[in-house]
Amino acid sequence: METEFRLLVKNAAQAVLVCAHNERYLTKVGMETIAVIENASLVIGRDGLIKAVGPTTAIASQFKGATFENIIDAEGMCILPGLVDAHTHPVWAGDRVHEFALKLAGASYMEIHQAGGGIHFTVEHTRRASAEELLVSLKQRLQRMLRAGTTLVECKSGYGLDLDTEIKMLTVIEQARQEQPVGISSTFCGAHSVPKGKTAKEATKDIINVHLPQLKKKVENGDLHIDNIDVFCEKGVFDLDCTRAILQTGSSMGFQINFHGDELHPMNSAELGAELNALAVSHLEEVTDKGIAAMAKSKTAAVLLPTTAYMLRLKQPRARDMLNAGVIVALGSDFNPNAYCFSMPMVMHFACVNMKMSMSEALAASTINAAYALGKSRTHGSLEVGKNGDFVILKSSRWEHLIYQFGGHQELVKYVVVKGVIV
Ligand code: NIG
Ligand code: FE
């Protein structure tokens, strides 16, 4: 029997486990009734995994005589699983603050895109930036996410569109994975926009015949790591047929499908996600009843992005309809130059106020379900024995303060812990 452990967190007012039965995801009823223990303690082993979580008295007697490298007395505080951000675009150069002014003055996202701004603007700057510059800014952004409680994040490429820049971005993401504590799920999003001078069909052929085979070779050689494949399925970007063709090719190469759909127009993206057994479809502001029904029958998660709907004054994603239908709902920040938000607590707050989710639904959507949307809910997303010791300690005796308070979380988030180490 082991007697030496990495960390003991004792005397917490509450530990929010989220799941207690090894669920891979939660749907509505499970999200409403997440598991919480009052007066709790938590033990992390030297392997960084959770060894035990339970009432303080039970843990004290179970671990009597054990030694710990570190002890946190969490009296008056709460322990929650590390937050999982299921959708971000954090690798880019160039400032788009001027576009915020245009949007406030009434310009739509697509008007700016079609005039050569938006993603095109960021692509120009990202192509010119060095890998070193991109890495520095990525690590700073991940640090800001970490300070708000995020311990696992999806990171997309997609501001290169040409193969060399996409590889540069994916390499930077891989370097960041190795050099800082936040866990990363990496996504090839080469079909984020149609490159200038090409049609969507030509770009689709390039991705299928050239980009994906070369990327696969690099992955097989161990030169690159890619978890997911993504396409921006939207009117004026990649239509449903191009999207299907790219995703099917990526999936046949072993990448998980996780794509943008039904954001500005109903595109039948939700139906396509269900048809392809996608891990997740993001956005879905314009999803139809049929799309929701198709997703409810599938195991495809809906990654809802309240910041984007807020920023662009879009229709709110139909979280209630999806939850009532039995869809697996997750949340993401969509951090990108359009939606400049690092904070999952802020995202949960928007999800509750604007999308009418309850606080426990929002937390489940930002932990276990977001981990599921990345294919990582076996190891992340809840405080259960055997999972990574990734968690947040709040300076509050009720966990709901993480969502109730909006803005200024630096004071509230007292500790962020990854694999049992305070970071
Ligand atoms: O998820 N909708 C497409 N992609 C991003 C926006 C990217 C950008 O504007 O730079 C999104 O919101
Ligand atoms: Fe996005």
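Residues numbered from 1 in each chain as written. Chains lettered and ligands numbered in written order. Predicted model: local features only at pLDDT ≥ 70, side-chain atom pairs only at ≥ 80, totals over all residues.

- The protein chain is annotated in an unreviewed UniProt entry as Probable imidazolonepropionase from Erpetoichthys calabaricus.
- What UniProt records for the protein chain under Cofactor (unreviewed entry) is the sentence "Fe(3+)". (UniProt positions renumbered as here; feature names shortened; annotations may be inferred.)

### Describing the overall build of the protein chain
And step 1. Looking only at helices and strands, the protein chain features 17 helices and 16 strands.
And step 2. Considered along the principal axes of its C-alpha atoms, the protein chain spans approximately 70 × 45 × 40 Å.
And step 3. For the protein chain, the proportion of its 423 residues judged to be buried stands at 54%.
And step 4. For the protein chain, restricting intrachain contacts to residue pairs at least 6 apart in sequence, the fraction spanning at least 24 positions comes to 72%. (Helix = DSSP H or I, 4+ residues; strand = E, 2+ residues; numbered from the N terminus. Buried ≥ 20, exposed ≤ 12 C-beta atoms within 10 Å, placed from the backbone. Contact = placed C-beta atoms within 7 Å.)

### Here we look at the nonpolar core
Within soluble globular proteins, side chains that are nonpolar generally end up buried alongside one another.
And step 1. Residues Ile 79, Ala 302, Ala 330 and Ala 351 are the most contacted members of the largest nonpolar core, which totals 139 residues.
And step 2. Element by element, the count of residues in this core is highest for strand β1 (residues 4-18), at nine residues.
And step 3. Each of domain 1 (4-81 + 383-422) and domain 2 (83-373) contributes no fewer than three residues to this core.
And step 4. Those residues in contact with Ala 330, other than ones at most four positions away along the chain, are Ala 86, Ala 280, Ala 301, Ala 302, Val 303, Ala 365, Asn 369, Ala 370, Tyr 372 and Ala 373. (Core = buried A, V, L, I, M, F, W, Y, C linked by C-beta atoms within 7 Å. Domains from an automatic or database assignment.)

### Re the sheet that holds strand β13 (residues 328-331)
And step 1. The strand order across the open sheet formed by eight strands is β6-β7-β8-β9-β10-β11-β12-β13, and the pairing between neighbours is parallel. Both outer strands of the open sheet, β6 (83-85) and β13, are each paired with one neighbouring strand and no more. Averaged over all pairs of adjacent strands, the angle between their axes in this sheet comes to 25°, without regard to strand direction.
And step 2. Where strand β8 (residues 183-191) lies against strand β9 (residues 228-233), three bridges are found, and the strand directions are parallel. For Ala 191, the partnering residue across the bridge sits in β9 and is Val 231.
And step 3. Each of β6, β7 (150-156), β12 (301-304) and β13 touches helix α14 (residues 344-355); the most contacted strand, β13, lies at about 130° to it. (Pairing = 2+ DSSP bridges. Axes fitted to C-alpha atoms, helices over the stretch in contact; angles between N-to-C directions.)

### What about the UniProt feature "domain: Amidohydrolase-related" (unreviewed entry) in the protein chain?
And step 1. Summarizing the sequence annotation, UniProt attributes the feature "domain: Amidohydrolase-related" (unreviewed entry) to residues 289-423 in the numbering used throughout.
And step 2. Between the end C-alpha atoms of residues 289-423 the distance is 43 Å, and the span holds 38% helix and 15% strand.

### A word on the environment of Glu 99
And step 1. By the secondary structure assignment, Glu 99 is in helix α3 (residues 97-104).
And step 2. When the C-alpha positions of Glu 99 and Phe 350 are compared, they lie 22 Å apart, and in sequence the two are 251 residues distant.

### Topic: the domain arrangement of the protein chain
And step 1. Its domain assignment divides the protein chain into domain 1 (4-81 + 383-422) and domain 2 (83-373).
And step 2. The distance between the C-alpha centroids of domain 1 and domain 2 comes to 29 Å.
And step 3. The interface is formed by 24 residues belonging to domain 1 together with 31 residues belonging to domain 2.
And step 4. Elements supplying a minimum of two residues to the side of domain 1 that touches domain 2: β1, α1 (28-32), α17 (401-404) and β15 (413-418).
And step 5. For the side of domain 1 that touches domain 2, the class distribution of residues is 15 nonpolar, three polar and six charged. (Nonpolar A, V, L, I, M, F, W, Y, C, P; charged D, E, K, R; others polar.)

### Quick word on unusual backbone geometry
And step 1. Despite not being glycine, Asn 268 shows a phi value in the positive range, around 65°.
And step 2. Inspection of the secondary structure puts Asn 268 in the loop between β10 (256-261) and α10 (269-275).
And step 3. In this structure, His 283 takes a positive phi of about 85° despite not being glycine.
And step 4. Secondary-structure assignment places His 283 in strand β11 (residues 280-283).

### Looking at the pairing of β12
And step 1. Where burial is concerned, the two faces of β12 agree: the one with Ala 301 and Val 303 and the one with Ala 302 and Leu 304 are both buried.
And step 2. With four bridges connecting them, β12 and β13 associate as parallel partners. Note that in β13 the partner of Ala 301 across the bridge is Ile 328.

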